[in-house]
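For reference, the chains in residue letters:
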Amino acid sequence: MVQIKDKFKVKADELNATVKEILKEHGSDKIGEVTVAQVYQGMRGITGLVSETSLLDANEGIRFRGYSIPELREKLPKVNGGAEPLPEGLFYLMLIGELPDTEQVQELSGILARRSHVPNHVFATIDALPINTHPMTMFTTGVLALQTESLFAKAYADGINKKEYWGYMYEDALNLIARLPRVAAYIYRRKYKNNYHIQPNGMLDWAGNFAHMLGYEDEGFKELMRLYMTIHADHEGGNVSAHTTHLVGSALSDAYLSFAAGMTGLAGPLHGLANQEVIKWILAMQQELGGGTPTKEQIAAYVRKTLADGKVVPGYGHAVLRKTDPRFTAQMEFAKKHLPDDALVNIVWNVYETVPPILQELGKVKNPWPNVDAHSGALLVHYGLVEYEFYTVLFGVSRALGVLASLCWDRVMGQPLERPKSVTSEWMQLFVTGK
Ligand code: CMX
């Protein structure tokens, strides 16, 4: 069987030849203009990055190498008797650009299981943090502690030819993906389960084993983890976690350093932390109403109060998307199949009917529709994972698949140090007014 690494290099050589040609023939072609407003407003709409793993359409949502989320759920290999895609298969797709067959995914599952050892000093480093530390802080700290294992950092220190960088990045990426579930599960069990840890089961798939180490043996939860790890993996290159990982990686920081940096961005409430904020927001609404299931009128009143207090409605809106996020829809379909009568899930669905028209009324919200974070927490609560501060760590483990596949591509394409130009407002004033 052709090794995944060799296959990746063949694909990369092909693409590098194409890019060389594009640059030779069209290197000075223009693909857009930049306005003053874009510079001040988060660079929205400026095409300034290349990311091979996925592409976002504002109205249709994300496509991974051309495949939409419904297509991935149908076409990616599954465990025997399962219905949700194996996230290892998505990693293969993002890396190689082709859908894997079952045998290829099993091979990758086996590679990840064999590389999952986490050295003791990583656990000791996490243990040194106070127990009330946020799980995302523990997670990034754990990843940084793992950096001792970087093969790229060692090879670079020893002195290697730049043509060899990509191979070390590939090894680091796979090793890190293999180790992350163990680090994340350790944090969960330390913080919430009295330090009672569960050893990995090397016979299980990557996400199934993660569920097992977290302490959830229900097959429904394992299926949820396979879906969750698939849909959170990538959202093209400009979002905060992907862009940060890429930016830091462009300084030739290794996979561990780059990924840890990306995770500190995912930990922000306007990005990945929104999934915990959604559940917090719903629970606070329920508490204020004295418990029970709020009516749509009560939800609407609570939404208006949230806005009047100068807060955002978590789980709604997006910097690029302009329709209901297909990742929200995938979770809704999962819930309709597995837990249609769950009370919290039904509140999420009522919130979905209530929030968009109210946000539309404001006249300034560009996307009133739910994003991925609006649904995920309610599914986790159903299976007993109620500790919502941990939710962003799950997002982070999944996001590793996309951003690390992208780092492999960055390195094999020899992408340079990223260094856009910045100006001062004084410079801008002079530029636009001439004085
Ligand atoms: N609730 C209230 N107001 C909102 C809003 C929401 N859900 N979404 C956008 N707005 C407001 C913005 O705060 C902004 O207001 P000001 O002009 O007063 O500053 C205005 O509408 C315009 O914003 P926008 O152009 O529509 O959205 P942005 O691209 O600036 O921001 C996002 C996108 C996601 C940060 C924003 O929609 C938001 O804060 N949503 C809630 C947090 C959330 O769910 N984040 C998760 C996103 C997905 C992920 O990365 O995981």
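The present account deals with the structure reproduced in this document. (Residues numbered from 1 in each chain as written. Predicted model: local features only at pLDDT ≥ 70, side-chain atom pairs only at ≥ 80, totals over all residues.)

The next point concerns the overall build of the protein chain. Check the secondary structure of the protein chain and you find 20 helices and 3 strands. For a compact globule of 435 residues, the expected C-alpha radius of gyration is about 22 Å, and the protein chain comes in at 22 Å, within 12% of that figure. Overall size of the protein chain, expressed as C-alpha extent along the three principal axes, is 65 × 65 × 45 Å. Here the protein chain holds 435 residues, and 44% of them are scored as buried. In the protein chain, of all internal contacts separated by at least 6 residues, the share reaching a separation of at least 24 is 74%. (Helix = DSSP H or I, 4+ residues; strand = E, 2+ residues; numbered from the N terminus. Rg over C-alpha atoms; globule rule 2.2 N^0.38 Å. Buried ≥ 20, exposed ≤ 12 C-beta atoms within 10 Å, placed from the backbone. Contact = placed C-beta atoms within 7 Å.)

As a further point, take helix H15 (residues 296-308). The first and last C-alpha atoms of H15 sit 18 Å apart over 13 residues, in line with the 18 Å expected at 1.5 Å per residue. The complete set of buried residues in H15 reads Ile299, Tyr302 and Val303. Angularly, the buried residues of H15 cover 105° about the axis, an arc narrow enough to put them on a single face. Looking at H15, the residues exposed on the side facing more than 90 degrees away from the buried face are Glu297, Lys305 and Ala308. Considering only its buried residues, H15 is in contact with helix H14 (274-288) and helix H17 (343-362). One or two positions beyond H15, positive phi appears at Gly310, with a value near 75°. (Expected span 1.5 Å × (residues − 1). Arc of directions from axis to C-beta.)

Before going further, it helps to examine the pairing of strand S1 (residues 54-57). Strand direction decides the pairing type here: S1 and strand S2 (residues 61-64), joined by 4 bridges, are antiparallel. When the sheet's bridge partners are listed, Leu55 is paired in S2 with Arg63. (Pairing = 2+ DSSP bridges.)

Remark: helix H1 (residues 4-26) packs on helix H4 (residues 87-96), axes separated minimally by 9 Å, with the N-to-C direction vectors making an angle of 35°. Here Ile4, Lys7, Phe8 and Lys11 of H1 lie close against H4, whose contacting residues are Tyr92, Leu95 and Ile96. Counted by class, the contact of H1 with H4 contains 5 nonpolar, no polar and 2 charged residues. (Axes fitted to C-alpha atoms, helices over the stretch in contact; angles between N-to-C directions. Nonpolar A, V, L, I, M, F, W, Y, C, P; charged D, E, K, R; others polar.)

Let's shift gears to the site of the ligand. Neighbouring the ligand are 22 residues, the closest being Ala274, Val312, Gly317, Ala319 and Lys366. Class assignment for the residues of the shell around the ligand results in 11 nonpolar, 8 polar and 3 charged. (Near = placed C-beta within 6 Å.)

Let's shift gears to unusual backbone geometry. We note that Arg65 has phi near 50°; this positive angle belongs to a residue other than glycine. Residue position: Arg65 is located in the loop between S2 and strand S3 (67-68). For Arg65, a count of 18 C-beta atoms within 10 Å translates into the label partly exposed. Despite not being glycine, Asn194 has its phi angle at roughly 50°, a positive value. Mapped onto the secondary structure, Asn194 falls in the loop between helix H9 (165-192) and helix H10 (206-214).

Running from amino to carboxyl end, helix H12 (residues 240-249) crosses helix H19 (residues 391-412) at an angle of 35°, the nearest separation of the two axes being 10 Å. Like other packed secondary-structure pairs, H12 and H19 cross with a definite hand, here right-handed. Taken together, the residues of H19 that come into contact with H12 (itself represented by Ser241, Ala242, Thr245, His246 and Gly249) are Arg399, Gly402, Val403, Ser406, Leu407 and Asp410. Tallied by class, the residues present in the contact of H12 with H19 amount to 3 nonpolar, 6 polar and 2 charged. (Left-handed = near helix turned anticlockwise from the far one by under 90°.)

Right, let's get into the nonpolar core. Counting 111 residues, the largest nonpolar core has Ala173, Ile177, Phe259, Leu404 and Cys408 as the members making the most contacts within it. The greatest single-element share of this core, amounting to 15 residues, is contributed by H9. Apart from the residues within four sequence positions on either side, Leu404 is in contact with Ala173, Leu176, Ile177, Ala255 and Phe259. (Core = buried A, V, L, I, M, F, W, Y, C linked by C-beta atoms within 7 Å.)

Take the sheet that holds S2 next. For sheets, the rule is that strands pair by backbone hydrogen bonds, running either parallel or antiparallel. One open sheet accounts for 3 strands, arranged S1-S2-S3; its pairing is antiparallel. Only two strands of the sheet have a single partner each, and these edge strands are S1 and S3.

Two successive antiparallel strands, S1 and S2, enclose a turn made up of 3 residues. In sequence, S2 turns back onto S3 through a hairpin of 2 residues, with Arg65 there showing a positive phi of about 50°.

Here Trp281 lies in helix H14. Of the residues examined, Trp281 has 21 C-beta atoms within 10 Å and is grouped as buried. C-alpha separation for the pair Trp281 and Val303, spaced 22 residues apart in sequence, amounts to 9.8 Å.

Looking at the element boundaries, Ala155 is found in helix H8 (residues 151-158). Taking C-alpha positions, Ala155 is 20 Å from Arg179, a pair spaced 24 residues apart along the chain.

Purely spatial values, then, with no claim about function.
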